[in-house]
Amino acid sequence: MAKDKLIGVDLGGTTIKFAILTDAGEIQQKWSIKTNIFDEGAHIVPDIIDSINHHLDLYQLDRERVIGIGMGTPGTVNRDKGTVTGAFNLNWKTEQNVKAEIEAGTGFSLTLDNDANSAALGEAWKGAGNNDDEVSFVTLGTGVGGGLVANGQLIHGTAGAGGEVGHMIVEPNGYLCTCGNYGCLEQYASATGVVHLAQDLAEEYVGSSKLKQLISDGDEVTSKIVFDLAKDGDFLANEVVDKVAYYLGYATATMSNILNPSAVVIGGGVAAAGEFLRARVEKSWQTFAFPTVRNSTRVKLAELGNDAGVIGAASLARA
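Nothing here was measured: the structure is a model prediction, and the numbers come from that model.

### A look at the environment of V299
Here V299 shows up in strand β12 (residues 298–301). In this structure, the C-alpha to C-alpha distance between V299 and V265, residues 34 residues apart in sequence, is 6.1 Å. Once you skip the residues sitting within four places of it in the chain, V299 turns out to touch V264, I266, R278, V281, E282 and W285.

### Focus: the packing of aromatic side chains
The description of two aromatic rings rests on the distance between their centres and on the angle between their planes. Counting across every chain of the model gives eight aromatic pairs. Between Y246 and Y247 the ring centres are 5.3 Å apart and the planes differ by 70 degrees, which places this aromatic pair in the edge-to-face class. Among the aromatic residues, those joined into a cluster by ring pairs are Y175, Y188, Y246, Y247, Y250 and F288. Note that R318 overlies the ring of W125, its terminal NZ or CZ placed 3.9 Å from the centroid.

### Focus: the environment of K231
The topology assignment puts K231 in helix α8 (residues 223–231). K231 sits in the partly exposed class, given a relative accessible area of 43%. Residues K231 and F276 lie 45 residues apart in sequence; the distance between their C-alpha atoms is 7.8 Å. In this structure, K231 is in contact with A273 and F276, ignoring residues within four places of it in sequence. From its side chain, K231 meets the backbone oxygen of A273 in a polar contact 3.5 Å long.

### Observations regarding the nonpolar core
Nonpolar side chains in soluble globular proteins tend to end up buried together. By size, the foremost hydrophobic cluster in this structure holds 45 residues, and its most contacted members are L140, L185, L211, V226, V240, L248 and L277. Per-element accounting of this core gives the leading share, eleven residues, to helix α9 (residues 235–259). Residues contacting V226, with those up to four places away along its chain left out, are V194, A198, L211, V221, A237, V240 and V241. In terms of nonpolar packing, the next biggest core, distinct from the first, is built from 27 residues, F18, I49, V66 and V84 among them.

### Remarks on the sheet that holds strand β4 (residues 66–73)
Taken in spatial order, the five strands of this open sheet run β3-β2-β1-β4-β7, and their pairing is mixed. The sheet terminates laterally at β3 (27–34) and β7 (110–114), the two strands that pair on one side only. For this sheet, the mean inter-axis angle between neighbouring strands, taken without regard to orientation, is 15 degrees. Sheet topology note: the strand β1 (residues 5–11)/β4 ladder contains six bridges and is parallel.

### Focus: helix α12 (residues 308–316)
A large share of α12 lies buried, amounting to nine of its nine residues. For α12, the full list of buried residues reads A308, G309, V310, I311, G312, A313, A314, S315 and L316. Residues of α12 that are buried in the fold lie against β1, β2 (15–22), β3, β4, β7 and α4 (115–126).

### Some details on the packing of α4 against α12
Between α4 and α12, the least distance of the axes is 6 Å, while the angle of their chain directions is 90 degrees. As judged from the angle between their axes, α4 and α12 are roughly perpendicular. Contacts between α4 and α12 pair S118, A119, L121, G122, E123, W125 and K126 from the former with A308, G309, I311, G312, A313, S315 and L316 from the latter. The class makeup of the residues in the contact of α4 with α12 is seven nonpolar, five polar and two charged.

### Some thoughts on the domain arrangement of the protein
If you check the domain split of the protein, you get domain 1 (5–121 + 308–316) and domain 2 (131–303). Summarising the inter-unit geometry, the C-alpha centres of domain 1 and domain 2 are found 28 Å apart. Listed per partner, the contact involves seven residues of domain 1 and eight residues of domain 2. Between domain 1 and domain 2 lies a buried interface of about 710 Å² when both sides are counted; carbon and sulfur atoms form 63% of it. Interface area lost by domain 1 to domain 2 is led by A116, N117 and A120, which between them contribute 55%.

### A look at the sheet that holds strand β8 (residues 135–140)
Sheet architecture is open: five strands sit in the order β10-β9-β8-β11-β12, paired in mixed fashion. Only two strands of the sheet have a single neighbouring strand rather than two, namely β10 (153–154) and β12. With four bridges connecting them, strand β11 (residues 263–267) and β12 associate as parallel partners. Note that in β12 the partner of V265 across the bridge is K300. Helix-sheet contacts for α4 involve β8, β9 (144–150), β10 and β11, and the interaxial angle to β9 is about 50 degrees.

### A look at the pattern of salt bridges
Applying the stated criterion across every chain, the model contains nine salt bridges. Here K224 and D228 are joined by a salt bridge, their closest N and O atoms 2.7 Å apart. Here K224 pairs with D228, and both are found in helix α8, just four residues apart, close to one helical turn. Between R278 and E275 there is a salt bridge, and its shortest N-O distance comes to 2.7 Å. Here R278 and its partner E275 are both found in helix α10 (residues 275–288), three residues apart, which amounts to about one turn of the helix.

So, how was this worked out
Residues numbered from 1 in each chain as written. Predicted model: local features only at pLDDT ≥ 70, side-chain atom pairs only at ≥ 80, totals over all residues. Heavy atoms only, no water. Helix = DSSP H or I, 4+ residues; strand = E, 2+ residues; numbered from the N terminus. Contact = heavy atoms within 4.5 Å. Phe/Tyr/Trp six-rings, centres within 6.5 Å; stacked < 30°, edge-to-face > 60°. Lys NZ or Arg CZ within 6 Å of the ring centre and 35° of its normal. Buried < 20%, exposed > 50% of the residue type's maximum accessible area, 1.4 Å probe, protein only. Polar contact = N/O pair within 3.5 Å; in protein donor to acceptor, adjacent residues only side chain to side chain. Core = buried A, V, L, I, M, F, W, Y, C linked by side-chain atoms within 4.5 Å. Pairing = 2+ DSSP bridges. Axes fitted to C-alpha atoms, helices over the stretch in contact; angles between N-to-C directions. Parallel < 35°, antiparallel > 145°, perpendicular 65-115°, else oblique. Nonpolar A, V, L, I, M, F, W, Y, C, P; charged D, E, K, R; others polar. Domains from an automatic or database assignment. Buried area = accessible area lost by both parts, 1.4 Å probe. Salt bridge = Lys/Arg side-chain N within 4 Å of Asp/Glu carboxyl O.

Below, the structure is given as structure tokens:
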């Protein structure tokens, strides 16, 4: 019987997403379960094994047809050993032998990678990257992650830290980052970074602004509120968005000047601002991009939404 099915797993801090796909990357079934991080995350891997086995039975899928499982996970992945360390949002305090356990529990081979890298592969394969071999991806959420695809392969670097685009320095001696450095992109373009910028710019702003009023009154301000107010014409909110777009344009142009991808793809929750943000990022990007890059690379919005992770993870199993 031909092996023609892939299983993708996107492991997150609150939800584990699963999908069964054709070997061409079309999702046929998808489901999700809650991530149980209790008992130092001891239930996570057994839950993944049980869910895969249960759904293969449920869908009456012949196991002989499954090529393998690919999984994207938070933390630092040792791809050779199949282990994960530093996934603190999963409550994993020690190194986890994820590959060996899932392979033993399902009978399928498992290929692991970082969750942002998996999303990058998904967008490169079936999303905005149009299956091109040269695609750079940046995802804007509570943090800033990314993945760089060059010559059809993810760039991992010598210690697995290749593609950590959130830690490019965009403001020397700027905001302190959780990594210990100052001025990382993550501190300016993540959801929390947008709010931080808004608070700082509000202190200096003397005109009338709904955003300034919210901050002065101590009301909750989110990145979505900032973007919504900017779309409504709030001057201060637009100053904040312009600043965020400046940093993103600078960072993505730097990536583009090194790699010259066919596309720089922007995804994640903050990118839900859509064309309103993309157009401003591109304006800044145009300023910093090398002429040849400016004429050959495109700044695009991600297209797969929440499916990028499972699609990209599944693609890992094709290797």
